[in-house]
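Coordinate analysis (summary)
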Amino acid sequence: MMNLLIVEDEIRLRNALANNIPWDRHGIEVVGQAGNGAEALRIIDRKKPDIILLDVQMPEMDGLTLARHLRQVDPLLKIIVLSGHDDFTYAQEALGLGVMKYLLKPAGDEEILETVLEAAEKLKSELEQRHNEDELKMKWKLHLPYLVNEFFQGMLNGKYENWEIGQKCKDLQLDLQNDATYAVTIVDMDPISETDNRFSRKDMSLLQFSLSSIVREALASTLCWVSTNYAGCTIIVFLMDRDEEPKVALQKINALTEKLLFTVKSCLKLSASAGISGMTGGLADMNKLYVQAVRALQDRIVLGHDLAIPYRSEQGREPELTFQPNHEKTLEIALETGDGDTALDMLTALWNGGMAKAETVDEIREHILYFTYLFVGMIQKQGWPVREVAGEDYVYFHNHSELASKEQIFFWLQRMIKAYLTYAGQRRKSTSHGMIKTILSLVENEIDQEMTLHAVADRMYVNSSYLSRLFKQETGKAFSTYVMERKMERAKAILQEGSRVYDAASAVGYRDVSYFTRVFRKYWGVTPGEIRN
């Protein structure tokens, strides 16, 4: 949609331009009307129109003065002059100021519409030209670090197939070789002591950023890639020497990590710890290496802080629960956006990554706790009571013994997805109903005033596009249609009570009686006088 501002001091003509031309059918939205240049400037500052239909002679600030000012402020703004003066000097000066076209009154509605549409097409073309190859390259360069970081998170969390990894490495200009071997280390700041007067927990994000910067600088000459995960931890993917034994290579990684932690402590005067994968592997093993590094870092709870901790498998068996923060985040986003299909897909992925592989009662209970805390956290993040969202299924949150089989557990989790989405929908609907009720009340109480969608949107502190769609969704009518209906019905009732046409027009916000008469006749098929009599 292109936004149009009409600047015309003659009220009748201004109203005709705004209401008699079917702008919305052609992708044009009238965002405001102004009676002079000074008023137009105030509206332009708030509404940011794309096209201006402008009279030349107006009080306070004439059209050419306004055009001169706007050309300096926004060179892309399209200005169309609609003037009653056919003096060549006016037209020449206007075109010299960058005015796109100079129309003479009385120009027909069709000619005005075609000129505005021509301006809209020209503006679209100019905007497309601005996105040239150099700008795209600049944007790509600016976004490249973010895209690389997102790629590493996806790869480490097992999101990509081997062919996808190869393609993305090519796109992002990363020299990750499929036949090479790698090791993974995860580094994180240790918890801040309660007695530390310099920092508190709220400073952790800043400290993690500082940690990442120190790691990047310290490893600038090392063959590795540094990224950060969703929790703010720093991840290092080391490229291993082809000619070196894996155990010897990992020993060097351990020594390098210990030196790195010493550097961090020297710079920040705070300790950090690291988890190191217990093996090396290819690109297809990245998720496994990452899981090992994460689990190694978790051991600092037992072993203490300021340590580089190598991964050690428990009882000779690999852990069955795959670390899947990427799926958790996608599940949370899907629930927040109402995407039920994606939410169920992510639940299945999380299930297959853990519970589906559980073989003992203790493992199953651990996974039930995992899903319980996952759902409780996402529900409470919205500020909702878990009992209200879960309904009859709330019992399973505190009485896990009621869940007697994997199938029953999975069905419970699927029902929780649906319960979350239903509850969110009810909350949104309640909020929407409240807003629409307020708008309907505004229309009834202020029906004697000029009322536009943009003005109401400003009062509700929302954008007009959202309000337009919401209003039509809830009432089945466009806002302007509903306001017109209410005004015409109110005017008809007032006239039938014997009031004068002037009074009826004033009561529903029309200051121009002749214009009101035309609108009334078009709506009811008879004149106000005929209704009154």
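Residues numbered from 1 in each chain as written. Predicted model: local features only at pLDDT ≥ 70, side-chain atom pairs only at ≥ 80, totals over all residues. Heavy atoms only, no water.

Helix α3 (residues 63–73) packs onto helix α2 (residues 37–47) with a crossing angle of 25° between their chain directions and a minimal axis gap of 10 Å. Classified by the interaxial angle, the pair formed by α2 and α3 is roughly parallel. Between α2 and α3 lies a crossing of right-handed hand. Residues Gly37, Ala40, Leu41 and Ile44 of α2 form the contact with α3, whose participating residues are Leu66, His69 and Leu70. (Axes fitted to C-alpha atoms, helices over the stretch in contact; angles between N-to-C directions. Helix = DSSP H or I, 4+ residues; strand = E, 2+ residues; numbered from the N terminus. Parallel < 35°, antiparallel > 145°, perpendicular 65-115°, else oblique. Left-handed = near helix turned anticlockwise from the far one by under 90°. Contact = heavy atoms within 4.5 Å.)

As a further point, take helix α20 (residues 479–496). Its 18 residues give α20 an end-to-end C-alpha distance of 26 Å, which sits within 8% of 26 Å, the value for a rise of 1.5 Å per residue. Taken together, the buried positions of α20 are occupied by Phe479, Tyr482, Val483, Glu485, Arg486, Lys487, Met488, Ala491, Ile494 and Leu495. Looking at the residues trailing α20, positive phi occurs at Gly498, about 100°. (Expected span 1.5 Å × (residues − 1). Buried < 20%, exposed > 50% of the residue type's maximum accessible area, 1.4 Å probe, protein only.)

In space, the five strands of this open sheet follow the order β7-β8-β6-β9-β10, with mixed pairing throughout. Two strands close off the open sheet at either side, each with one partner strand: β7 (224–228) and β10 (308–310). Strand after strand, the sheet turns through a mean of 20° between neighbouring axes, direction not considered. Sheet strands touched by helix α9 (residues 246–268): β6 (182–189), β8 (234–239), β9 (272–276) and β10. Its angle to β9, the strand with the most contacts, is close to 165°. In the packing of helix α10 (residues 286–298) onto the sheet, the strands contacted are β6, β8, β9 and β10, and the crossing angle to β6 comes to about 35°. (Pairing = 2+ DSSP bridges.)

A separate point is helix α8 (residues 204–218). If you check α8, its first and last C-alpha atoms are 21 Å apart, about what 15 residues at 1.5 Å a residue would give, namely 21 Å. Within the span of α8, buried status applies to Met204, Leu207, Gln208, Leu211, Ser212, Ile214 and Val215. One side of α8 holds all its buried residues, which, seen down the axis, span an arc of 165°. Exposed and facing more than 90 degrees away from the buried side of α8 are Ser205, Leu206, Phe209 and Glu217. Buried residues in α8 make contact with β6, β7, β8, α9 and β9. (Arc of directions from axis to C-beta.)

In this section: the pattern of salt bridges. Any two side chains of opposite charge can pair, on the condition that their charged atoms come close. Applying the stated rule across the entire model yields 19 salt bridges. Among the ionic pairs, Lys78 bridges to Glu126, the shortest N-O distance being 2.9 Å. Separated by 48 residues along the polypeptide, Lys78 in strand β4 (residues 78–83) and Glu126 in helix α5 (residues 109–130) bring together distant segments of the chain. For Lys78, a relative accessible area of 7% translates into the label buried. Note that Lys252 and Glu244 form a salt bridge whose closest N and O atoms lie 2.3 Å from each other. On the accessibility criterion, Glu244 (22% relative accessible area) is partly exposed. Through salt bridges that share partners, Glu444, Arg486, Glu489 and Arg490 make up one connected network. (Salt bridge = Lys/Arg side-chain N within 4 Å of Asp/Glu carboxyl O.)

This brings us to the side chain of Glu446. Locating Glu446 in the fold gives a position in the loop between α17 (406–445) and α18 (453–460). Polar contacts involving the side chain of Glu446 include one to the side chain of Arg459, which spans 2.6 Å. Each residue touching Glu446, except ones within four places of it in the same chain, is listed here: Met451 and Arg459. (Polar contact = N/O pair within 3.5 Å; in protein donor to acceptor, adjacent residues only side chain to side chain.)

What follows deals with the pairing of strand β1 (residues 2–7). Of all six residues in β1, six are buried, a share of seventy percent or more. Since β1 and strand β2 (residues 28–34) lie parallel, the crossover through helix α1 (residues 11–19) that links them has a hand, and here it is right-handed. Bridge count between β1 and strand β3 (residues 51–54): four bridges; the pairing is parallel. The residue bridging Val7 from the neighbouring strand is Leu54, located in β3. (Right-handed = clockwise from strand over helix to strand, strands pointing away.)

Our focus in this paragraph is the sheet that holds strand β5 (residues 101–104). A sheet is described by the order of its strands in space; here five strands give the open sequence β2-β1-β3-β4-β5, paired in parallel fashion. The sheet is open, and its two edges are formed by β2 and β5, each paired on a single side. The average angle at which neighbouring strand axes cross in this sheet is 20°, direction not considered. Strand direction decides the pairing type here: β1 and β2, joined by six bridges, are parallel. Bridge pairing links Ile6 to Gln33 in β2.

The next thing to look at is the environment of Glu118. Structurally, Glu118 is set in helix α5. Along the chain, Glu118 and Pro49 lie 69 residues apart, while their C-alpha atoms are 16 Å from each other. Look past the residues within four positions of Glu118 in its chain and what remains in contact with it is Met100 and Lys101.

Our next topic: the side chain of Lys47. Take Lys47: it is sitting in helix α2. Reaching out from Lys47, the side chain makes a polar contact with the side chain of Asp458 at a distance of 3.0 Å. If sequence neighbours within four positions are ignored, Lys47 has contacts with Asn3, Val31, His454 and Asp458.

What follows is about the packing of α1 against helix α22 (residues 513–524). When two helices pack together, you describe them by how their axes are tilted relative to each other and by the distance separating the axes. Between α1 and α22, the shortest axis-to-axis distance is 10 Å and the interhelical angle comes to 25°. The angle between α1 and α22 places the two elements in the roughly parallel class. The two elements α1 and α22 cross, and the hand of that crossing is right-handed. Contacts between α1 and α22 involve Arg12, Asn15, Ala16 and Asn19 from the former and Ser514, Tyr515 and Arg518 from the latter. Here the residues of the contact of α1 with α22 are counted per class, giving two nonpolar, three polar and two charged. (Nonpolar A, V, L, I, M, F, W, Y, C, P; charged D, E, K, R; others polar.)

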